[in-house]
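The lines below spell out each chain.
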Protein chains: 2
Amino acid sequence: MNEKFKELKVLLGEISDLHAAAAVLGWDQQTYMPLGGAESRAMQLTTLAKKTHELFISDKIGQLLTDIEAKAGDLDYDSFEASLIRVTRRNYDRLKRLSPKLVAALAKATSLGDIAWRKAREKSDFSIFQPDLEKILDLTIQKAEALGYKERIYDALLYDFEPEMKTAQVEKLFNEMKVELIPLVKAISERQGVLDDSIFNQDFDIDKQWAFGIEVIKRLGFDFKHGRQDCSTHPFTTSFSTNDVRLTTRVYKDQFKVALSGSIHEAGHGMYEQGIDQAFNRTILRGGASTGVHESQSRLWENVVGRSMEFWTFWLPHLKKYFPNQLKDVDVESFYRAINKVSPSLIRVDADEATYNLHIFLRFEIENLMLEHKIKVKELPELWNLKMKEYFGICPTNDAEGVLQDIHWSMGGIGYFPTYSLGNLLSVLFYNRALKDVPEIPGQIKEGNFIPLLNWMREKIYNEGAKYTPDELVKRVTGEPICTKPFLTYVQKKYTDIYGL
Amino acid sequence: MNEKFKELKVLLGEISDLHAAAAVLGWDQQTYMPLGGAESRAMQLTTLAKKTHELFISDKIGQLLTDIEAKAGDLDYDSFEASLIRVTRRNYDRLKRLSPKLVAALAKATSLGDIAWRKAREKSDFSIFQPDLEKILDLTIQKAEALGYKERIYDALLYDFEPEMKTAQVEKLFNEMKVELIPLVKAISERQGVLDDSIFNQDFDIDKQWAFGIEVIKRLGFDFKHGRQDCSTHPFTTSFSTNDVRLTTRVYKDQFKVALSGSIHEAGHGMYEQGIDQAFNRTILRGGASTGVHESQSRLWENVVGRSMEFWTFWLPHLKKYFPNQLKDVDVESFYRAINKVSPSLIRVDADEATYNLHIFLRFEIENLMLEHKIKVKELPELWNLKMKEYFGICPTNDAEGVLQDIHWSMGGIGYFPTYSLGNLLSVLFYNRALKDVPEIPGQIKEGNFIPLLNWMREKIYNEGAKYTPDELVKRVTGEPICTKPFLTYVQKKYTDIYGL
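In this text, all values refer to a predicted model and were calculated from it rather than measured experimentally.

## Some details on the sheet that holds strand β3 (residues 244–249) of chain B
Within a sheet, neighbouring strands are paired by backbone hydrogen bonds and run either parallel or antiparallel to one another. Residues and elements named next belong to chain B. Here 3 strands make up an open sheet; going across it, the order is β1-β3-β2 and the pairing mixed. Across the chains shown, the open sheet's two edge strands, defined by having one partner strand only, are β1 (227–231) and β2 (237–241). Strand-to-strand twist of the sheet, defined as the mean angle between neighbouring strand axes without regard to direction, takes the value 20°. As paired elements, β2 and β3 share 4 bridges and run antiparallel to each other. Note that in β3 the partner of threonine 238 across the bridge is arginine 246.

## Quick notes on the sheet that holds strand β2 (residues 237–241) of chain A
All names here are of chain A. Overall, mixed pairing links the 3 strands, which are arranged β1-β3-β2 in an open sheet. The outermost strands of the open sheet, each flanked by one partner alone, are β1 (227–231) and β2. Shown here is a sheet whose adjacent strand axes are inclined to one another by a mean of 20°, direction ignored. Sheet topology places β1 next to strand β3 (residues 244–249); 5 bridges connect them, and they run parallel. Paired with aspartate 230 across the bridge in β3 is threonine 248. Against the sheet, helix α10 (residues 256–275) touches β1, β2 and β3, its axis set at about 165° to β3.

## A short note on the interface of chain B and chain A
Contact residues are listed per partner, giving 31 residues for chain B and 32 residues for chain A. For the side of chain B that touches chain A, the secondary-structure elements that each account for two or more residues are α1 (2–31), α2 (38–56), β1 and β2 of chain B. The leading source of residues in the side of chain B that touches chain A is α1 of chain B, at 8 residues. Looking at side-chain class alone, the side of chain B that touches chain A contains 13 nonpolar, 10 polar and 8 charged residues.

## Re the packing of helix α3 (residues 59–70) of chain A against helix α4 (residues 80–95) of chain A
Residues and elements named next belong to chain A. Interhelical geometry of α3 versus α4 gives an angle of 140° and a closest axis separation of 11 Å. In this view, α3 runs oblique relative to α4, as classed from their interaxial angle. As for the relative orientation of α3 and α4, their crossing is left-handed in sense. Along the contact surface, α3 presents Ile61, Gly62, Leu65, Ile68 and Glu69, while α4 presents Ile85, Thr88, Arg89 and Tyr92. Its residues placed into classes, the contact of α3 with α4 shows 5 nonpolar, 2 polar and 2 charged.

## Section: unusual backbone geometry
Positive phi outside glycine occurs at histidine 373 of chain A, with the angle close to 55°. For histidine 373 of chain A, the location among the structural elements is in the loop between α15 (356–371) and α16 (380–392). Even without glycine at this site, glutamate 164 of chain B takes up a positive phi of about 70°. Within the secondary structure layout, glutamate 164 of chain B lies in the loop between α7 (153–161) and α8 (167–189).

## Topic: the nonpolar core
Ala21 of chain A together with Ala21 of chain B are the most contacted members of the largest nonpolar core, which has 269 residues in total. Leaving out residues up to four positions away in the same chain, alanine 21 of chain B has contacts with Ala21, Leu25, Gln44 and Leu48 of chain A together with Leu48 of chain B.

## Considering helix α5 (residues 100–123) of chain B
The end-to-end C-alpha separation of α5 of chain B is 34 Å, in line with the 34 Å expected for 24 residues at 1.5 Å each. One or two steps after α5 of chain B, the chain reaches serine 124 of chain B, where phi turns positive at roughly 50°.

## Some remarks on the relation of the copies chain B and chain A
Mapping chain B onto chain A is achieved by rotating through 180° and translating by 0.0 Å along the same axis, at an RMSD of 0.0 Å. On this basis, the relationship between the two copies can be described by a two-fold rotation axis. For chain B, the smallest separation between a C-alpha atom and the rotation axis is recorded for alanine 21 of chain B, amounting to 3.5 Å.

## Details of the environment of methionine 271 of chain B
Residue and element names in this part refer to chain B. Summarising the element assignment, methionine 271 is placed in helix α10 (residues 256–275). Once the C-alpha coordinates of methionine 271 and glycine 443 are considered, the two residues, 172 residues apart in sequence, prove to be 21 Å apart. Ignoring anything within four residues of it in the chain, the contact list for methionine 271 reads Gly221, Phe222, Gln297 and Leu454.

## Brief notes about the domain arrangement of chain A
Residues and elements named next belong to chain A. In terms of domains, chain A is made up of domain 1 (2–148) and domain 2 (167–499). If you average the C-alpha positions of domain 1 and of domain 2, the two centres end up 26 Å apart. Taken together, the contacts link 36 residues of domain 1 with 32 residues of domain 2. For the side of domain 1 that touches domain 2, the elements supplying multiple residues, two or more each, are α1 (2–31), α4, α5 (100–123) and α6 (126–147).

So, how was this worked out
- Residues numbered from 1 in each chain as written.
- Chains lettered and ligands numbered in written order.
- Predicted model: local features only at pLDDT ≥ 70, side-chain atom pairs only at ≥ 80, totals over all residues.
- Pairing = 2+ DSSP bridges.
- Helix = DSSP H or I, 4+ residues; strand = E, 2+ residues; numbered from the N terminus.
- Axes fitted to C-alpha atoms, helices over the stretch in contact; angles between N-to-C directions.
- Contact = placed C-beta atoms within 7 Å.
- Nonpolar A, V, L, I, M, F, W, Y, C, P; charged D, E, K, R; others polar.
- Parallel < 35°, antiparallel > 145°, perpendicular 65-115°, else oblique.
- Left-handed = near helix turned anticlockwise from the far one by under 90°.
- Core = buried A, V, L, I, M, F, W, Y, C linked by C-beta atoms within 7 Å.
- Buried ≥ 20, exposed ≤ 12 C-beta atoms within 10 Å, placed from the backbone.
- Expected span 1.5 Å × (residues − 1).
- Least-squares fit on C-alpha atoms with pLDDT ≥ 70 in both.
- Domains from an automatic or database assignment.

Here it is in structure tokens:
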């Protein structure tokens, strides 16, 4: 088996290299590529996707897997070898169902879709993006049908992000959340007056914001020798190995919270990627357990840590050195309340912890309707606005702050959104578990020492890469299955305190 | 034939996409990649090189070529189809001789060599780079032997840069140049006192230098909708299509000439790439006729145009707006003389037009000695310094300003250097020809109108892409073969005037 395993590893290493190459091209497309480069980039990504897919679903890899599996019975389930074989098999069987032609068509449609989405967003005109989204939706449905599903078409797509999780399970969790969150948001809305966040109605120099964000994420533990941060319209994290992890954020002088929360959020993803076992490089195990588990880390660092009183007890004095005029009169108590202000807003990524999940419920419902042919693409802006009214009581005045705000559909990421709310649930589950093991963490955060928390996450989660399904990992780490209670308790307590509910 | 030609074009298009992908990874490696990303990048580039090579030398492409050639007899030599078939055949026969294993080994050695070269250069210690260069040289010799040659091993490598040109021809040209240039440099050296360039011994704000460089190359005709400029240690140009062309430069506050000449030089390459027929995208014809012809354009814009009296007549008043204090007392005559000051210097890329070629002769001679086993890699620093003394009368005090200054060998680019001097010869040949057709060009330059010259170059050279060998192109454009006289006349006249020889 040893020889065959080695041979398989070489082939998978090459496939991993080509995936990484595509990721570099994707990163460049979002950060530095001149507008004119878009069409050739679409072709390059299409070819890379097609060739990589062809190599992966080759009979050679299928045969090697079968041969290796026949003799792998005595391998420890948790071992690198068993995990690599298991996860490769899972992906192989799944992707084998997709023709290279469909993969190439999707890659092309989404690359071109990205261009159209940008244009549409800039002009705030959904009709520019509509034909592209129709094409992408059509191909995505073809993909889901080819992959197959038992209950819901959404299941087939969700699998890409949350292996082995079902749509019904997500719906159950979301329903539990809705029951508590909608009344909570309502109660808070009625007490808007008690919270003053006017300190953020000032200008904050862009370069200084950038420098402060870098200082923060460096101290959290993001390693700039093995990563960097750049600007992009839509913040994201990508990585080409555990040693080359790229974050992006965006900075506006009149929106202080945007850049910092973007930096910390992406650094959460980035530290996850940097913390994966080095031995997993150039294999399918170099990655998070799922998108939701990944999101648990961005949300943990952005919110559970980054909007806590302990965090700002340490950081506010530093921030005041960057912005002495803007912040001279503010104490940590008021700053903490201001940065946690809840206000029903149009934009998901700028939302607070209480309203954030409502944005997700809306998208999740719309995606299901789209996939089940219950709504047409051209009806999306109207439905979006209706649902915004229903959930938030507010309505976008244009497509850019409505249906066009997110990049995901243009990238073919239908099925991705639920992972954000799953991430919120998991962030609190994991944090509570870390506190049980290391009760000193809040005190350490107060002193600017984030490393014990990071180390706990590294050991329990990051290091394991993609060895386990999200369900497996959550059970291993917390001893229980994914559930809503800890998150809801956390949110209830936090906002009851802040708003004196 | 039509169907088979279409099929071939699809396959070559995919190969071209993968080449472009590798170019994006190379660009990122030189501009933004964090240090820690180097090893994984080396693997990614290795895999891309290997896969691309395998696809290109496949029997399928060989068979398609043969089938198509059998029916292509009546195609016009200059047509797109005939040119694509001809150039593909030339490359196919040549690359077929290289095993994917050797190609992968070279890609890996040069990716790792790049890391070692950077480290060595930073510490100014050749011994750090020596083992890598030994490996690269060994593989390069294997490559040359596999490719085959009749007279000189150098011929096999030169072909990559100057298709169908011979080392003996280069030597003859270089000898003709030496006979005139060495005495010229000597005569100038004896009159050092007559020229004052002390205006450049001042500090020039880095951001303003950057902005001025952008203003200049925009006006020359570099299109920022289809390209951009970034920073890198070693300026270079790369492109991923005619619509996505990347330049780099470097800026130092105490070395005004470096950034501007870097920007203009690379913009020359960039405008060439942007000017290639759009129909050549995703084919082997999207590229220059040769590296030397490419270099003719960078040297044309950098020197023949960018260091001319006409150029500075227009630009000096603009430059003064950026640097009113530094330049308040200088007139165009003195500025022109200052920017053309000849001084034997250690660094090739900073050299003036008179001494530049001596740097090339030195490298060309050393490369031949290396390839013919007449010198060992470890002896290079000493030989380098000896030759510097011989040609320039000066000697580097450390490896960074000596043998380690250039990136080329670390990239496996042995055989590349002569193209710079060929470029110098061609820049004057082409410019003189343009003047015959459009005698108004100098007057137009004086008024800041560079487009007529650019359009001439576009029509005669850029647009043709890689359809012709350099010899073919030079004969088509100028009516004569490549020769030294026009360049030598140009240099003699320019410096006789400036130095009053």
